[in-house]
Amino acid sequence: MRSFSEFSIAKRSQLWFLGVVAVLTIVSANIAWLFPTRDELSEQAYLLHRVIAIDVKNQLFAFLSRYERSLSDGVDVLNQIKERKEDIISRLLKENQPFESLTLLDNKGNEVFKNHRFLLISESDLKDRSEEILYKTVKEGRVYRGPVEISGISEPIITIAVPVNTNTGFSALVAEINLKFFLDVVRNVSVGKEGVAYVVDENGYVIAHPNSSLVFGRANFIDRKIIAEAVSGREADTRAAGFNYTNERGENMLAVALPFELMGWAIVVEDPDSAALGASSRILNVAIISFILEILLVILLIWNYLNLIRAAALFYGERNQREAILNSLSDGVIEYDSEFQIVLMNPRAEELLAVHFKDIGGMAITPDFAKNNPQYKSLVELMYPALAPYSSSIKEVPGTHVKTMEIHTSSPELKMIVTLTQVIDQNGSVRGFLKILHDISRERLLGRIKSEFVSIAAHQLRTPLSAIKWTLKLLLDGDAGALNKEQTSFLERGYDTNEKMIKLVNDLLSVARIEEGRFGYDFQDINFNEFLEAAIKNYADIVSRKSINLKFEKIDGELPLVYADSEKLSLALNNLLDNAVKYTPAGGKVLVKLERKGNYALVSIMDTGVGIPDSEQPRVFSKFFRASNVIKMETEGTGLGLFIVHNIIKRHGGDIHFTSHENHGATFIFTLPLKKELVPKEEAEPLEEFLENV
Ligand code: ADP
């Protein structure tokens, strides 16, 4: 099997490979669509400009043809009725706005009649034009179309001459056509927002342009290669090398130039690149943005995946650590889900329950699972404590959600303290249960051996101590002869010490029996009020000797009989009263109060003594506990009294607690049930003691 780090390295290099492939794919996909699209868009832009140029060309052609036709129509009429020449010419002028002047040439090439739209023509203005190409052209019967000339007021003018039938005595009708009327046409052509269409003559002079100042200012663009090309009869556009140029604002232009063969002119449609190829640059921007976004996406994906690998590494690491901890635990751990399927079992749990996880992992363990599989009896009893030979009540560990209980199983025979926790998933619902098994069979055995030992030792000691007691008593009573004062005093001290020894031995014996669960109780109904009063009376002598004010506050009204073992109860009560008197200095007060709280009698023993230091209070009911302040006082005591009291009260179904502040006295409060049902049926081995040890 590959280790996780090998796996993660393999995954990482795979990831980098995938990342590179993804980036390359994105780059090539973008290139694959971007460049053809851009080429196509630029092609479209040229096409559009060419279409506009063709349109302008057609309009220019229509413009010239129209006036040429008017002229020919005029000539046709003239051929028939030459006498009406003035009328014909003035009518032609009237009907054709662009006609600047109309002139008739005679058969020799002299101007014989001329009519000008604005000027008065006199005889002297008439010229001999026989030497001009114009005359020679019409003589050959062809229409003459002259170059562009500039009028007196800087307007572009062309001359067109149509031959006239020589029978009339005339040779040609010559018209000067003002091209400014073509300006409106180029003005109305729309070439995007910023583009223009214009016309140049064979020498490159602008003869029609939306910006008429270029026309009147005689702008010349022949140095633009594209124009030179078009006037020499060849279509051209700025895609060809060397044909590009910039406008007056320095912007690169996209232009198409068409030759206007009829006149040797050129039509140009131009637009700044930025406007003409706007769509293309927008596409480029979109491509760049989408490219960046795609790359970011790839990076994000890789980053996420890397995080995933990292999280997996962490998870593996934690799992290994958890496994190591679980494997080395000296307590058994078993986890099962809400369907009672075993999810986890550490080696110690396998050892304790004598099962193998691999055999039962994932199996749902039902209460009758052990019927056919007796080897799993203990496991079933552990999971269903009600089936176990013994299971204590569940006790919550204070301040946690952890619960503990004692379970004894049958096969294998085990005594365990089981700590139970619920496994909660991230939604807060219970996913399963975790049980920690602490085997106390051995501890129990040792405890029992220890108790038995103490019990036997105490028993053995009790007989000689009694013998000593009676011997000393005999001597003190003078049964063996009179004693002097000194002898009496010695014997009295010996007697007291012996009494302490007897108390210690008795306490030890009681503790041992309690721990073995055979303290031996004998329950009967007792009148608790009277019982208490009698017990307190016994202290009259002691308290008066110590000048302590001992008071008993009786209960108001009647109290039901209490079901109790009077001998054990007096042992408990005497211990509490002993302590109150013992730990209260002379002049102090002890108050015993009996009350009723629902189904319980409540006794409080309040004193004004030395109290118990705060930090030591949690250990007050443990065996051999003696607070530091009383050890200093050197009062006698075994530290076993309260342990015994606690157990006696618990056995009676009551409870005991106290409040105290050092140097401000202590109050011990215990309860006893007033109903038989509340008294436990049998004596149990004290779980608490074991829990403390766990
Ligand atoms: P001991 O034989 O020492 O009295 P106990 O088990 O009866 O043993 O009491 C344990 C310890 O609890 C005492 O040593 C003392 O420190 C403390 N204690 C018990 N009762 C009182 C009390 N009324 N006032 C002050 N301290 C007390």
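Throughout this document, residue positions are counted from 1 along each chain, in the order its sequence is written. Totals for whole chains, interfaces and linings use all residues, but because this is a predicted model, local features are given only for residues with pLDDT of at least 70 and pairs of side-chain atoms are given and counted only at 80 or more. Based on all heavy atoms of the structure, the side-chain values leave hydrogens and waters out of the count.

Draft legend 1. Spatial organisation of the overall build of the chain. Secondary structure elements follow DSSP: runs of H or I of four or more residues count as helices, runs of E of two or more count as strands, with numbering from the N terminus. Check the secondary structure of the chain and you find 20 helices and 24 strands. Relative to the compact-globule value of 26 Å for 694 residues, the chain shows a C-alpha radius of gyration of 63 Å, a clear excess of over 25%. Overall, the chain is about 200 × 60 × 45 Å in size when its C-alpha atoms are taken along their principal axes. For the chain, the proportion of its 694 residues judged to be buried stands at 42%. Residues scored as positive are Lys and Arg, those scored as negative are Asp and Glu, and His as well as the terminal groups of each chain are ignored. Just so you know, the charge point we use is NZ for Lys, CZ for Arg, CG for Asp and CD for Glu. Taken as two groups, the 77 positive and 92 negative side-chain charges of the chain have centres that lie 2 Å from each other. Our radius of gyration looks at C-alpha atoms and nothing else; its globule reference is 2.2 Å times the residue count to the power 0.38. The rule is simple: take the accessible area with a 1.4 Å probe, protein chains only, and divide by the maximum for that residue type; under 20% is buried, over 50% is exposed, in between is partly exposed.

Draft legend 2. Inspection of the sheet that holds strand β2 (residues 111–116) at higher detail. Within the open sheet, the five strands sit side by side as β2-β1-β5-β4-β3. Their pairing is antiparallel. Of all the strands in the sheet, the pair left with one neighbour each is β2 and β3 (144–150). When the angles between neighbouring strand axes are averaged without regard to direction, this sheet yields 15°. A pair of strands counts as paired when DSSP detects no fewer than two bridges linking them. In the sheet, strand β1 (residues 99–106) pairs with β2 via five bridges, with the strands oriented antiparallel. Across the sheet, Ser101 pairs through a bridge with His116, a residue of β2. Any two residues having at least one pair of non-hydrogen atoms within 4.5 Å are treated as being in contact. Angles run from 0 to 180 degrees between N-to-C directions of axes, and those axes are lines fitted to C-alpha atoms, restricted for helices to the stretch in contact. Strands β1, β2 and β5 (170–178) of the sheet are contacted by helix α2 (residues 85–95), whose axis makes an angle of about 155° with β1.

Draft legend 3. View of the pairing of strand β16 (residues 413–424). Bridge count for strand β15 (residues 403–410) against β16 is eight bridges, and the pairing is antiparallel. What sits directly across from Met405, in β16, is Val418. Remark: two residues form the turn of the hairpin made by β15 and β16, two consecutive strands paired antiparallel. Sheet analysis places β16 next to strand β17 (residues 430–439), joined by nine bridges and oriented antiparallel. In the sheet register, Thr419 faces β17, and the bridge partner there is Ile436. The antiparallel hairpin formed by β16 and β17 contains five residues in its connecting segment, where Gly428 sits at a positive phi of about 90°.

Draft legend 4. Summary view of the pairing of β15. With six of its eight residues buried, β15 lies for the most part within the structure. Here two bridges tie strand β13 (residues 390–391) to β15, and the two strands are oriented antiparallel to one another. Its bridge partner lying in β15, Tyr390 is registered against His408. Where strand β14 (residues 395–396) and β15 come together, two bridges link them in antiparallel fashion. In the sheet register, Lys395 faces β15, and the bridge partner there is Thr404. Counting the residues in the hairpin turn of β14 and β15 gives six residues, including Gly399, whose phi is positive at 80°.

Draft legend 5. Inspection of the site of the ligand at higher detail. Near the ligand there are 19 residues, and of these Asn579, Tyr583, Asp607, Arg626 and Leu642 occur at the shortest range. Polar contacts here mean pairs of N or O atoms no more than 3.5 Å apart (in protein, one a potential hydrogen donor and the other a potential acceptor; neighbouring residues in sequence count only if both atoms are side-chain atoms). A distance of 2.9 Å separates an oxygen atom of the ligand from a polar atom in the backbone of Ala627. Separating an oxygen atom of the ligand from a backbone N or O atom of Leu642 is a distance of 2.7 Å. For accessible areas, the Shrake-Rupley method is used with a probe of radius 1.4 Å. Any residue's cover is judged against the shown protein chains and nothing else. In isolation the ligand offers 520 Å² of accessible surface; the protein chains occlude 98% of this area. Broken down by element, the residue count for the shell around the ligand peaks at three residues, all from helix α17 (residues 566–582). Here, proximity means that at least one heavy atom of the residue falls within 4 Å of the molecule or strand.

Draft legend 6. Molecular detail of a nonpolar patch on the surface. Side chains of Ile288, Ile289, Ile292, Leu293, Leu296 and Ile299 sit close together on the surface and give an oily, nonpolar patch of about 570 Å² of accessible area. Locating Ile288 in the fold gives a position in helix α8 (residues 278–328). Patches in this entry comprise residues that are over 30% relatively accessible and not in a salt bridge; like charges within 9 Å are linked, as are nonpolar side chains (Val, Leu, Ile, Met, Phe, Trp, Tyr) within 5 Å. The term salt bridge refers to a pairing of a side-chain nitrogen on Lys or Arg with a carboxyl oxygen on Asp or Glu at a separation within 4 Å.

Draft legend 7. Structural detail: the packing of aromatic side chains. Centres within 6.5 Å make a pair out of two Phe, Tyr or Trp rings, where for Trp the six-membered ring is used; the pair is then stacked when the planes are under 30 degrees apart, edge-to-face when over 60, and tilted otherwise. Under the counting rule described, the total for this entry stands at 18 aromatic pairs. On the numbers, 5.2 Å between centres and 25° between planes, the contact of Tyr336 with Phe340 is stacked. Judged by centre distance (6.0 Å) and plane angle (65°), the ring pair of Phe621 and Phe658 falls under edge-to-face. In this pair, Phe621 sits in the loop between β22 (600–607) and α18 (628–633) while Phe658 sits in strand β23 (residues 656–660), placing the two residues 37 residues apart along the sequence. Comparing Phe621 with Phe658 shows no difference in burial state: the two are buried. Feature note: the residues Phe63, Tyr67, Phe99 and Phe182 constitute an aromatic cluster, connected by ring pairs.

Draft legend 8. Representation of unusual backbone geometry. The omega angle of the peptide bond from Ser411 to Pro412 is 0°, so this bond is cis rather than trans. Residue position: Pro412 is located in the loop between β15 and β16. Unusually for a residue other than glycine, Ala354 sits at a positive phi of about 55°. By the secondary structure assignment, Ala354 is in the loop between α9 (347–353) and α10 (357–360). Residue Ala354 is classed as exposed on the basis of its relative accessible area, which comes to 54%. The phi angle at Asn663 is positive, at roughly 70°, despite the residue not being glycine.

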